[in-house]
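Listed here are the chains, written in short residue letters.
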Amino acid sequence: MNTDPASPSKSSLRQTWYTLRLLRRGTRLVWNKRMAWTLVWLISLTVLYYQWENWRSARELADTRRRLLERIGTEDPMALVPPAVPDSQNYFANATIQSWAKPRRPGGLVLDYHPPVAELAPKDLIVPEIKESYPDNVSALDLAGWAVKRATAGREIPQGQSPASVLDAELGNGNGLLPKLAEGLELPFSMMKPGQRELLQAAGGNVWNAENVYFRHFNDLMRSFGLHLRAAARAGNQAKTNQTALITLRFAEAPSTHALIGGLVSLAGHDIAFDAL
């Protein structure tokens, strides 16, 4: 009788032998000439399918391009780009807005805008929530909840004043920014500089190489405008309501450029603007 614990028993050796034999038979069953040829055929058919797809897609793309050129009459993108907007007709030539524009590269044409979003509201402002109403899909400032937050922070609404008037007064004119941004509202165009034509010219007319102008923290800026707009409207401050609404809509128009992202940003800006309106 084997009493050595380190010595494997006959049953365990027999079990290991059966396992190895089963694995070997399974390998032979799966991996054989028939299976190898099956894999070769599958890989070949897959390669042929994708080659056919590439050929078909190339033909469709060429046909689509031909029909597009027949429709528009030219393949020169510069012929389709709107003319450059002179500063005398461009709201975005506003001196305050242009002070936010910084060259993306030293000496480069492309500018990025860096608006001082934080300056549009006091640093210690308790921001009211915006409540959504379903199914009407109407949003509004939660001024009642805002008053409770202020009271909890030891800043109760003064006697005889409404929460809307207090909020509008605290927001004021955005540290003087809103009156500056109202300059040029009568101008017909709102185009971030440089415009679409200038960017395409810098890229040699190649739309794929044309760069985009970026407006940093655009959504935050639009929401700040929306807060001013909502507060002024609730407080009955008609002059500020009208002015802020026009500024908000002008900024919503400006990002729309030749690139898809510009159109999407513009749509988001309009959504925020009209939500506030």
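Here, every reference points to the structure presented above.
This is a predicted model, so every value here is computed, not measured.

**Regarding the packing of aromatic side chains**
Scanning the entire structure with this criterion turns up 13 aromatic pairs. Between Tyr91 and Phe92 the ring centres are 5.8 Å apart and the planes differ by 75°, which places this aromatic pair in the edge-to-face class. Aromatic side chains Phe215 and Phe218 sit 5.7 Å apart centroid to centroid with 80° between the ring planes, which places their arrangement in the edge-to-face category. Residues Phe215 and Phe218 agree in their burial class; the two are buried.

**As for a nonpolar patch on the surface**
Residues Met35, Leu39, Leu42, Ile43 and Val47 make up a contiguous nonpolar surface patch of about 430 Å² in total accessible area. Secondary-structure assignment places Leu42 in helix α2 (residues 33-72). The partly exposed category is assigned to Leu42, whose relative accessible area is 48%.

**Here we look at the packing of helix α5 (residues 163-171) against helix α8 (residues 218-235)**
Contact pair α5 / α8: the axes reach a minimum separation of 8 Å and the direction vectors enclose 135°. The angle between α5 and α8 falls in the class oblique. For the pair α5 and α8, the sense of crossing is left-handed. Touching Ala164, Ser165, Leu167, Asp168 and Leu171 of α5 are Leu227, His228, Ala231, Ala232, Arg234 and Ala235, all from α8.

**So, the nonpolar core**
In terms of nonpolar packing, the biggest core is built from 29 residues, with Phe92, Trp100, Tyr113, Phe215, Phe225, Ile247 and Phe251 touching the most fellow members. At the level of secondary structure, the elements contributing two or more residues to this core comprise β2 (111-113), α6 (177-181), α8, α9 (238-253) and α10 (260-276). Looking at this core, the element that brings in the most residues is α8, giving four residues. Sequence-distant contacts of Phe251, defined by excluding residues within four places in its chain, comprise Tyr91, Phe92, Ile97, Trp100, Leu181, Phe215, Phe218, Leu221, Met222 and Phe225.

**Quick notes on the pattern of salt bridges**
A full pass over the atoms with the stated rule returns 18 salt bridges. When the shortest N-O distance is used, the salt bridge between Arg66 and Asp63 registers 2.4 Å. Of the two residues, Arg66 and Asp63 are both situated in helix α2; the distance of three residues between them amounts to about one turn of the helix. The class of Arg66 is partly exposed, set by a relative accessible area of 42%. When its relative accessible area of 31% is taken as the criterion, Asp63 is described as partly exposed. One salt bridge connects Asp112 with Arg104, and the closest N-O pair in it is separated by 2.7 Å. You can call Asp112 buried: its relative accessible area is 5%. Residue classification places Arg104 among the partly exposed residues on the basis of a relative accessible area of 26%. Taken together, the shared-partner salt bridges in this structure form one network comprising Arg104, Arg105, Asp112, Glu211 and Arg216.

**A look at α8**
For α8, built from 18 residues, the straight-helix expectation of 26 Å at 1.5 Å per residue is met to within 8% by its first-to-last C-alpha distance of 26 Å. The complete set of buried residues in α8 reads Phe218, Leu221, Met222, Ser224, Phe225, Gly226, Leu227, His228, Leu229, Arg230, Ala231 and Ala232. Just downstream of α8, Gly236 is the residue with a positive phi angle, here 80°.

**Re unusual backbone geometry**
Look at the link from Lys193 to Pro194: it is a cis peptide, with omega at -5°. Unlike most non-glycine residues, Asn175 shows phi in positive territory, near 55°. Relative to the elements of secondary structure, Asn175 occurs in the loop between α5 and α6. In this structure, His217 takes a positive phi of about 55° despite not being glycine. If you trace the backbone, His217 turns up in the loop between β5 (214-215) and α8.

Rules behind the numbers
- Residues numbered from 1 in each chain as written.
- Predicted model: local features only at pLDDT ≥ 70, side-chain atom pairs only at ≥ 80, totals over all residues.
- Heavy atoms only, no water.
- Phe/Tyr/Trp six-rings, centres within 6.5 Å; stacked < 30°, edge-to-face > 60°.
- Buried < 20%, exposed > 50% of the residue type's maximum accessible area, 1.4 Å probe, protein only.
- Patch = residues over 30% accessible without salt bridge, like charges linked within 9 Å, V, L, I, M, F, W, Y side chains within 5 Å.
- Areas by Shrake-Rupley, 256 points an atom, 1.4 Å probe, with all protein chains shown as cover.
- Salt bridge = Lys/Arg side-chain N within 4 Å of Asp/Glu carboxyl O.
- Helix = DSSP H or I, 4+ residues; strand = E, 2+ residues; numbered from the N terminus.
- Axes fitted to C-alpha atoms, helices over the stretch in contact; angles between N-to-C directions.
- Parallel < 35°, antiparallel > 145°, perpendicular 65-115°, else oblique.
- Left-handed = near helix turned anticlockwise from the far one by under 90°.
- Contact = heavy atoms within 4.5 Å.
- Core = buried A, V, L, I, M, F, W, Y, C linked by side-chain atoms within 4.5 Å.
- Expected span 1.5 Å × (residues − 1).

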